[in-house]
Amino acid sequence: MGKGTGEVRYDADGVRRVMRKRDYLADFGGQLGLGLMANLVGQLTYFYTDKVGMAVGGVGVVMMIAKIIDAFTDVIVGNMVDHSKGGNKKYYSWMLRMAVPAAVVIIMMFTVPIRAGQTAALIYVLVTNLLLTAVIYTMIATPFGAVMIVRTNSLSERSSMGLFRAVGNYGAGMVVAIATIPITNILGGTQNAWIKYGVVIGAVTLLLLLICYNNGRKAKFASDYEQEERIREAWETEQEEAVPFMEALGMLFHNKYWVIVLLFNLITSISSAIATSSGTYYAKWIFGNDNLVAITGAVGMLATVVGFVLSKPIIEKLGVTKTVQLGLLGAAVPALIRCFIPTNFILVTVCNLFASFIQIPLMCLYGVLTAMAVDYNEWKYDKKLVAMSGGAIGFGSKVGNGLGSVILTAFLAIGAYDATLEAASASMRYAIYGFSNYLPLVINVVMFLIFTRFDLEKKLPKMREEVAARKNAK
């Protein structure tokens, strides 16, 4: 609705627009806060092995256990949200409840009691990782992810929300990648330096989540306008209808598009988790200076800004499916180049710049792809399964992050990683090449092949017409 004018706005498909500029900015802030939490976790492997002195194999196993448990909480919380009452406000209420615990646990992540021994430290790492990711992050991110689907029915506005959220998430990744090592090194490079850094990140995350919640609790959803048009009763019945957990899970696994999006989240999350952690190892052991990660991060930020500026025109020109396929193949090419010329800092940096740029439009479409799978649920089953669809997709992301951590630490263990050496051994160098260059090449090619089966985009308009006809016939 236009500010102060009461003007009703519609998108190119004739669907009512409901989003305001401040909604997009608040949405961006919420995702930025979540992104800081998630990307900070990506730096922990390096912190545990090189700053705290924990055994690399133990860290890998503990991180994997945490992520597996974490993954199942997405499905459980998604089903819980679908069954809960409270109307539209239920999607934001968890953000308020979890904001302070999030800030506290972020700080706790760095207070590992290594003096108590390896076993005690590993238990502490497991508990704090579970608290942050399996409990706090999931209880915020799952309903927040569902907001994109229920907030507006406009595909254009969903795409714009996806763009702002991608900027927030990727921006958080860039901030963590650029700032973490230089700032903690300036503060002394010790565990205490990382704790101070955690205090700042925790405070910023708390502020962003509270701002997003405050805007969300006052926001008007598509259903609120539908109420004005006297169709809210039918909408609420449709949205609030509870589906038994196992029945809902069966429906999702019979939705081939949901399965593809699940695999997409799983495989790209493996790649993202490895990329988040691998940069510091690459800078330290291949280029000889871990502070160089800030330079590669800054270059990535430049590519990110350009990528986000061009994302919407690219998506509008190519469509959802072709944009994803372009991003996957585009990321495979620089990985291939790095396989042949892995030690040239300038070339590696340029390759990373291109890979960052080409994948930005793809990152804007995670929520859109999930929303498309939800629309297919509605066409096939007359049930959207909104939060559970998003939560189960989150399952793929969490398992992918866990597998990424395990794969990275497995490469390091096979390469006989030793953080106390002055220079990397040959086996360490090839281990780092393996998870930084060879694996991303394979992952992106495999995901491209999987995504060739995703043909939902061209089918959706007709499906929506059929759904609308069914509703009108009731």
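The notes below deal with the structure included here. (Residues numbered from 1 in each chain as written. Predicted model: local features only at pLDDT ≥ 70, side-chain atom pairs only at ≥ 80, totals over all residues. Heavy atoms only, no water.)

Here the focus is the overall build of the protein chain. Summing up its helical and strand segments, the protein chain has 17 helices and zero strands in all. Sorting the 474 residues of the protein chain into buried and exposed places 56% on the buried side. Sequence-distant contacts, at least 24 apart, represent 82% of the contacts inside the protein chain between residues at least 6 apart. Taken as a whole, the protein chain presents about 19600 Å² of accessible surface, with 67% of it coming from carbon and sulfur. (Helix = DSSP H or I, 4+ residues; strand = E, 2+ residues; numbered from the N terminus. Buried < 20%, exposed > 50% of the residue type's maximum accessible area, 1.4 Å probe, protein only. Contact = heavy atoms within 4.5 Å. Areas by Shrake-Rupley, 256 points an atom, 1.4 Å probe, with all protein chains shown as cover.)

Attention now goes to the pattern of salt bridges. Summed over all chains, the structure comprises five salt bridges. We note a salt bridge from arginine 20 to aspartate 23, for which the minimum N-O separation is 2.6 Å. Take aspartate 23: its relative accessible area is 3%, and that puts it in the buried class. Note that lysine 459 and aspartate 455 form a salt bridge whose closest N and O atoms lie 3.4 Å from each other. When its relative accessible area of 34% is taken as the criterion, lysine 459 is described as partly exposed. (Salt bridge = Lys/Arg side-chain N within 4 Å of Asp/Glu carboxyl O.)

Together, Arg22, Lys89, Arg217 and Lys218 make up a region of like positive charge exposed at the surface. Secondary-structure assignment places arginine 22 in helix α1 (residues 21-42). (Patch = residues over 30% accessible without salt bridge, like charges linked within 9 Å, V, L, I, M, F, W, Y side chains within 5 Å. Lys, Arg positive; Asp, Glu negative; His and termini not counted. Charge placed at Lys NZ, Arg CZ, Asp CG, Glu CD.)

This part is about the nonpolar core. Residues Tyr48, Val112, Tyr281, Leu369, Phe451 and Phe454 are the most contacted members of the largest nonpolar core, which totals 110 residues. For this core, the leading source of residues is helix α5 (residues 118-151), giving 13 residues. Val243, Met251, Leu252 and Leu262 belong to the second largest nonpolar core, which has nine residues in total. (Core = buried A, V, L, I, M, F, W, Y, C linked by side-chain atoms within 4.5 Å.)

Before going further, it helps to examine the side chain of threonine 280. Relative to the helices and strands, threonine 280 is located in helix α11 (residues 256-285). Look past the residues within four positions of threonine 280 in its chain and what remains in contact with it is Gln43, Tyr46, Ile181, Asp290 and Val293.

Turning our eyes to something else, we now look at the packing of aromatic side chains. Scanning the model with the defined rule gives 20 aromatic pairs in all. On the numbers, 5.6 Å between centres and 85° between planes, the contact of tyrosine 46 with tyrosine 281 is edge-to-face. With a gap of 235 residues between them, tyrosine 46 in helix α2 (residues 44-52) and tyrosine 281 in helix α11 connect regions that are remote in the sequence. Note on tyrosine 46: relative accessible area 2%, which makes it buried. Since its relative accessible area comes to 0%, tyrosine 281 is described here as buried. Between tyrosine 376 and tryptophan 379, the aromatic rings sit 5.5 Å apart at their centres with planes inclined by 35°, giving tilted as the arrangement. With tyrosine 376 and tryptophan 379 both in helix α14 (residues 366-381) and three residues apart, this pair spans about one turn of that helix. On the accessibility criterion, tyrosine 376 (11% relative accessible area) is buried. (Phe/Tyr/Trp six-rings, centres within 6.5 Å; stacked < 30°, edge-to-face > 60°.)

Now for the environment of asparagine 352. Looking at the secondary structure, you find asparagine 352 in helix α13 (residues 345-363). For asparagine 352, a relative accessible area of 27% gives the class partly exposed. Polar contacts involving the side chain of asparagine 352 include one to the side chain of arginine 338, which spans 3.1 Å. (Polar contact = N/O pair within 3.5 Å; in protein donor to acceptor, adjacent residues only side chain to side chain.)

To continue, consider the side chain of glutamine 191. By the element assignment, glutamine 191 lies in helix α7 (residues 191-218). A polar side-chain atom of glutamine 191 sits 2.8 Å from the main-chain carbonyl oxygen of phenylalanine 110. Those residues within four positions of glutamine 191 in sequence are excluded, and the remaining contacts are Phe47, Val52, Phe110, Thr111, Val112 and Ile114.

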